[in-house]
Structures are given as C-alpha cells and as structure tokens.
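# Structural characterization, general
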Amino acid sequence: MNAESILQSYQHFGIHLGLERIKHLLEKLENPQKKFPIIHVAGTNGKGSVCAYLSSILTAAGYRVGRYTSPHLIDWTERICINQKPISPTELQAYLKRVIATTQNNTETPTQFEIITAAAWLYFAEQKTDIAIIETGLGGRLDATNVCENPLACVITSISLEHWQILGPTVADIAGEKAGILKANCPAIIGELPEEARIVIEKRIQQLDCPATWVKPALDLGQGLAEYQLPQNGVKIRYQLPLLGNIQLMNSAMAIATIQTLQNQGWQISETAIENGIAKTQWRGRLQQTTWKNQTILIDGAHNPAAAIALREYVDKFNHQQPINWVIGILATKDRDDIFKALLKKGDRLYLVPVPDQNSTPPTELATIAQNICRELTLCQTFPDLTTALDTAVTDKNLTVLCGSLYLVGHFLQLQTTQL
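Keep in mind that what you see is a predicted model, and the values were worked out from it rather than measured.

## Some remarks on the sheet that holds strand S15 (residues 349–352)
- If you trace the six strands from one edge of the open sheet to the other, you get S12-S13-S17-S14-S15-S16, paired in mixed fashion. Two strands close off the open sheet at either side, each with one partner strand: strand S12 (288–292) and strand S16 (379–382). The mean inter-strand angle of the sheet, taken between neighbouring strand axes irrespective of direction, is 25°.
- Relative to S15, strand S14 (residues 324–328) runs parallel, the two sharing four bridges. Bridge pairing in S15 links Val-327 to Tyr-351.
- Here helix H13 (residues 363–373) sits on the sheet and contacts S14, S15 and S16; the angle it forms with S16, its principal contact strand, is near 165°.

## Let's talk about unusual backbone geometry
- Between Ser-70 and Pro-71 the backbone carries a cis peptide bond, its omega angle lying at -5°.
- Considering the arrangement of structural elements, one finds Pro-71 in the loop between strand S2 (65–68) and strand S3 (80–82).
- Notably, Gln-84 is not glycine yet its phi reads approximately 70°, a positive angle.
- Within the fold, Gln-84 resides in the loop between S3 and strand S4 (85–86).
- Notably, Asp-209 is not glycine yet its phi reads approximately 55°, a positive angle.

## Details of the UniProt feature "domain: Mur ligase C-terminal" (unreviewed entry) in the protein chain
- Those places that UniProt annotates as "domain: Mur ligase C-terminal" (unreviewed entry) correspond, in this numbering, to residues 285–404.
- When the span residues 285–404 is considered, its composition is 35% helix and 23% strand, and the gap between its end C-alpha atoms is 11 Å.

## Some details on the pairing of strand S5 (residues 131–135)
- The element S5 is extensively covered by neighbouring structure, given that five of its five residues are classed as buried.
- Both faces of S5 are covered, namely the face carrying Ile-131, Ile-133 and Glu-135 and the face carrying Ala-132 and Ile-134.
- Note: strand S1 (residues 38–42) against S5, four bridges, orientation parallel. Bridged to His-40 within S5 is Ile-134.
- Sheet analysis places S2 next to S5, joined by four bridges and oriented parallel. Each residue of the ladder has a partner; that of Val-65, found in S5, is Ile-131.

## Here we look at the packing of helix H2 (residues 20–28) against helix H5 (residues 112–126)
- Running from amino to carboxyl end, H2 crosses H5 at an angle of 40°, the nearest separation of the two axes being 10 Å. In the packing of H2 onto H5, the handedness of the crossing is right-handed. Residues Arg-21, Ile-22, Leu-25 and Leu-26 of H2 lie in contact with H5, whose contacting residues are Glu-114, Ile-115, Ala-118 and Trp-121.

## Regarding the sheet that holds strand S10 (residues 225–229)
- Taken in spatial order, the three strands line up as S9-S10-S11 in an open sheet, and their pairing is antiparallel. Each of the sheet's edge strands pairs with one partner strand only, and the pair in question is strand S9 (219–222) and strand S11 (236–240). The average angle at which neighbouring strand axes cross in this sheet is 25°, direction not considered.

Rules behind the numbers
Residues numbered from 1 in each chain as written. Predicted model: local features only at pLDDT ≥ 70, side-chain atom pairs only at ≥ 80, totals over all residues. Heavy atoms only, no water. Pairing = 2+ DSSP bridges. Helix = DSSP H or I, 4+ residues; strand = E, 2+ residues; numbered from the N terminus. Axes fitted to C-alpha atoms, helices over the stretch in contact; angles between N-to-C directions. Contact = heavy atoms within 4.5 Å. UniProt positions renumbered as here; feature names shortened; annotations may be inferred. Buried < 20%, exposed > 50% of the residue type's maximum accessible area, 1.4 Å probe, protein only. Left-handed = near helix turned anticlockwise from the far one by under 90°.

Right, here's the structure in full:
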C-alpha cells in the first residue's frame, strides 16, 4: 500500500477530537515531539501563510526547519516539509507503516489526522530538525498537534465562525478552543480579533501569564512593498511581499513578530534573513494568479465567509469593480449562504461545480442558494465537472475566479499538471 491508500483506509474514522489517542501513539514512538522545539500556529484564516513565512525566514537564517500543515492541495507529502522540500512518497509510506505498527493492540483506532501527525513528529525528530512550525488541524485545545508542552511561541492568526458544528456555535466558543494551544509562560502572538474573541483570548493569556504580542498589520508601501515596525524595539523592516491580498500585510507582520520573539530567546535571525525569507515565500492556492487554456485566472480557497470577504476585496481592487466569472464548489459543511453574500454582486456570472471526492454541496442546491442571495446575476449555471465549467467560463472576457474550497483548488492544480 502506498501512502495515499494507507491514509484512505483510516478516513472512515472521521474527525474525532481528543488527545488521549495521539499521546498514547507518541509514547509508543518514544515521544518524538519532545525532541525539537516548535512554533504552534492556530487560527481560522492565515495560519498556512504564516507557517510558510516562518519556515522560509528560518530557512534563510540557516536553520533546518520542519513544517507541518493541512490540508494538502495535490499530494499528502505536501503536509510534511523540511526547508520547503516535501517528504518523499517512499519516506512517507515508510513512516506511516511504522506509526501504524504501534497501533496493533490499541483499544481505540487513531484517526487519519492522528496517524499522519504522528508520522510528522517522528520524521522531524529523526531528520534532526532545529525547529518545526506546526499548524493545527481543527481548533486547538483538542487538536492532535496540541501535544507540545513548551512551544517557543503560540500564534493565533484570526478567529471567525467556522467549523461551528464541532468547535461551538459562537465566535467566543471557537476562541476558547483556539486558546487551548496557549501554554503557561510561553509567548503568545495574536492577530486582530473580533471583540468577543479578543476577550476570551485575553483572559486565557492572563490566566497562563503569557508574554503577549498583539500584532497590527504592516504598512502597505505600494508596488508590493510593505513595512513592519517591530513592537518591542521600534525597528522598521521593509520587505517585498510575494503573496497577494491585503491580508498578507497582517500575515507577514504576524510572522515577523513571532521571529522577534525567537530572537529574544537567542535564535540568530538577521534582518536580511527576514527580508529574504519573506521574499522567497510560496504558498499555492491562495490568491494565486495562474492560467487555464492560456487565459489568466485567479484561484483561492475562500472556504469560509472571512476568506470570501478578503477575496472579494482583492478582486474589486485588482479588477476595478468589473463583473466576475465565478467558478465555485463548496463543501456541504461550509457556510454557503455567507460565502455567496461576500462574493456575488450584480452582473457576475456563476459557474457551479461539485468538489470531487468530498462531501460536496450539489451544484443545483448551490444555484438555488446563490439566486436567492443575488437575483441580479447575469448567469447562474451548473456543470458536472470543473473542466467543463472552466472551459466555458474563460471564453467570457471578464476575470475568472475559481474558489469555494481548497480541495477544489487542489483538484484544479492536479488537472493543470496533467495538461502540461
């Protein structure tokens, strides 16, 4: 069995939050998570970009840097990287088999996410990483990544209403779950939060006596340049932003503030390493310009309302308020109404598709929701697959944007690869 088939065999166990299974698993593997320092990153949006910035900066500073993120876009190997290089398929397969071998006599079967998380910890330990950037999978408090007792820093990028079926019905509930990654006396780096979330996080920081940095966005200097003033010493760092959208002013600032926390702990990271690391950062599938049939299109996950709002702001600025051709697929578990409210405007064209191999909302159902929300669409049409929808959309002169699900973006990137 290859890595894909090994992990697929655990998919039916679903999402089952809790730390007992992963702790038991890691104990059998001799607790690899204790063998290297980590930065732990949680948040509704932005955490992947922050992880990408951090790993790129620390790599530029000369460290051996592990990075664990989810979900992947095309291949499971993307989730586990050292110095931006994914684990090889054969290595992943071998590590998964070793992890699974320790589960034979377990009273409770680990979940798919717990299996690959344990494999990541083991890989980073045996590859002797100097540091690892670890992104939470879902929430924080009971997430399988939340097994490190003394992280170098805990980062919470943003909080909005998502996964409420699991994490709780209010932003305050979700904030409480994200706050679960905070540890006593460990530095906390926090982004801009809605008031009800801020109150919860602030209270937890006080309870744990965490040195806290509340981050403000970097200053947009135009022409892709940004400037961030370090909160602790007032030094200004000017850098080229490779990732698109105003949200990257906050995400890059979060990364730099986290790096300053590491500098205060004795890590050798120069201003040049920060500038070069940010400039070299890559993070696919998030406000990424690419092509389909030689036509420029924009792809973005935009799988929750906050991300959809950020996407619409970007395309309005980039596209000068012109109508958009939206190619959209959304999972059944997502807030489809508010995503459409954020994205759709009068004159837009909507091309609706299923998300392959996922619990996808039927395109006909999406069409009903969309037409109720925006009755002034120029077009609302359903398609059986992404290829047909894209082929139709790009024939129109307006900008085409593919969004609604990172799984859909991953499917697109896979299709694009096969066409090369």
